[in-house]
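Structural characterization, general
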Amino acid sequence: MHHLLLYSHIKTGAERLISSGSSRSFLRSTYKRNIHASHKTHQAAAGKRNKDLFTPSPFKRSDKINIDDKFTVQRDLREGDNTYGIRRYLLLPRTNDSDDPTQKPTIIASINANKNILFGAQLHAQQSGSDEDYIADYFAACEPLLDIAKEDASINGQQVQALAALNGLCSWVTECLDRDGEGSEVLTSLLHGEQPNTLLDNDKEEQVENRGASGSSNRRARQNVKSQSAKIILNNESDRILMLDAIRAIATGIPRPGHSVVGQGTYRDGAEGWKSLAWEYSNLATVPVDASNAVTGLEEVSLYKSRDGEVAKIEHLASVEAGYLSVAGGAMARMFFV
């Protein structure tokens, strides 16, 4: 069982979050030993289950589930009473009957969902302090929330998926380019005109399938998850230069020679290379997470991996929002929970 955010003060969770100058300092201090970001699922999502049958929703009786005496998870439906449509799972401080009902609760963390796909796991506390503190707080708040969201997303018997952000991908590619490809097998091969020594698609699929099967008797865990290798096939030297120029433009935001903008043509010419780089970058996410050396930007991938998620493929231009294009080139990791 998760023992979340235990207090040594009289103030309630909501009062503490609202009155504190930094809600992150609150999360950070309690994380050090009192937030238990366990690799075991929370009891609300850990009942007897058969994933090949329809699973009752943990929200069957109420849209709120109390995790402990301080915190609750609320399901917020966005399409009327459609419990399998667009929705949001919120980690909130528990309130008392005497609390002002007109006051909006302080959201600590959230995860979005649409049907059986989870996305956008986010910590809403103020992001001040070190990266190590942020990573620790992120997992402390989001892991128990993910347990319940994942359970609820499986109610129609479909295998639960996730789309994970790859923040920092552009910076990582730029740094590797500046080091003549060092740190990236894909870039090193492209820069020097060699083929990357990576797994073929069918070999990678077999690894993913076997990894899921060995850890579970779940029939759907043995489902063949199509995956994407980092293998790039180039027909000639001009194709290599074309792809490299496009990759550099996507990573830096600086248009290619002869172009005035980083536009659709650039993303098209660099698509296969960028997806291979995104796949390579996603594999830098480790589990269990060590907050002292975790890659900031890959926390969502690591979060889903901590609950048996596997990166199955890279979605090119999954988001074309300007801010996300500048940090990840629009790429996101599609993951399957096995």
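Because the structure is predicted, anything quoted here is derived from the model rather than measured. (Residues numbered from 1 in each chain as written. Predicted model: local features only at pLDDT ≥ 70, side-chain atom pairs only at ≥ 80, totals over all residues. Heavy atoms only, no water.)

**So, the nonpolar core**
So the rule is basically this: As used in this record, nonpolar core signifies buried Ala, Val, Leu, Ile, Met, Phe, Trp, Tyr and Cys residues forming a set joined through side-chain atoms within 4.5 Å. The cut-offs for exposure are 20% and 50% of the maximum accessible area for each residue type, with area from a 1.4 Å probe on protein chains only; residues under the lower value are buried, those over the upper are exposed, and the others partly exposed. For the purposes of this entry, the term helix denotes a DSSP run of H or I that reaches at least four residues, the term strand denotes a run of E that reaches at least two, and both are numbered from the N terminus. By definition, residues are in contact when any of their heavy atoms lie within 4.5 Å.
Of all hydrophobic cores here, the largest spans 70 residues; its most connected members are Leu 91, Leu 118, Leu 166, Leu 169, Val 173, Trp 274 and Tyr 304. Top element by residues in this core is helix H3 (residues 131-152). It accounts for 11 residues. Excluding anything up to four places from it in sequence, Leu 169 contacts Trp 274, Leu 277, Ala 278, Tyr 281, Val 327, Ala 328 and Ala 331.

**Remarks on the packing of helix H7 (residues 237-252) against helix H9 (residues 271-282)**
To keep it simple, the criterion reads: Each axis is a line fitted through C-alpha atoms, and for a helix only the stretch in contact is used; angles between axes span 0 to 180 degrees, taken between their N-to-C directions. Each angle gets one of four labels, with under 35 degrees taken as roughly parallel, over 145 as roughly antiparallel, 65 to 115 as roughly perpendicular, and the rest as oblique. Handedness of a helix crossing follows the sense of rotation of the near helix relative to the far helix, less than a right angle counterclockwise being left-handed and clockwise being right-handed. Only Asp, Glu, Lys and Arg are considered charged in this grouping, and only Ala, Val, Leu, Ile, Met, Phe, Trp, Tyr, Cys and Pro are considered nonpolar; every other residue, Gly among them, is considered polar.
It is the contact of H7 with H9, at a shortest axis distance of 8 Å, that shows an interaxial angle of 60°. The pairing of H7 with H9 is recorded here as oblique in orientation. Helix-helix and strand crossings are classified by hand; for H7 and H9 the assignment is right-handed. Judged by residue contacts, Met 243, Ile 247, Ile 250 and Ala 251 of H7 engage Glu 272, Gly 273, Trp 274 and Leu 277 from H9. Class assignment of the residues belonging to the contact of H7 with H9 gives a composition of 6 nonpolar, 1 polar and 1 charged.

**Considerations on the pattern of salt bridges**
Where charged atoms from two side chains of opposite charge approach closely, those side chains can pair. Put simply, the rule reads: For this document, the term salt bridge refers to a Lys or Arg side-chain nitrogen within 4 Å of an Asp or Glu carboxyl oxygen.
Within this structure, the stated rule accounts for 11 salt bridges. Close ionic contact of Arg 87 with Asp 152 constitutes a salt bridge, the shortest N to O distance being 3.8 Å. Here Asp 152 lies in helix H3 and Arg 87 lies in strand E3 (residues 86-93), a separation of 65 residues in the sequence. Neither residue differs from the other here; Arg 87 and Asp 152 are each classed as buried. We note a salt bridge from Arg 334 to Glu 315, for which the minimum N-O separation is 2.6 Å. In this pair, Arg 334 is assigned in strand E8 (residues 332-337) and Glu 315 in strand E7 (residues 309-315), connecting sequence segments 19 residues apart. With respect to burial, Arg 334 and Glu 315 carry one shared label: buried. In this structure, a network of salt bridges that share partners links the residues Asp 63, Arg 75, Arg 87 and Asp 152.

**As for the packing of aromatic side chains**
Operational definition: A pair of aromatic rings is counted whenever rings of Phe, Tyr or Trp (Trp by its six-membered ring) have centres within 6.5 Å, and the orientation is called stacked for planes under 30 degrees apart, edge-to-face for over 60 and tilted otherwise.
Within this structure, the stated rule accounts for 5 aromatic pairs. Between the aromatic rings of Trp 172 and Tyr 281, the centroid separation amounts to 5.4 Å while the plane-to-plane angle is 35°, which identifies the pairing as tilted. Highlighted residues: Trp 172 in helix H4 (residues 169-178) and Tyr 281 in helix H9, separated in sequence by 109 residues. As far as the burial class goes, Trp 172 and Tyr 281 line up, both buried.

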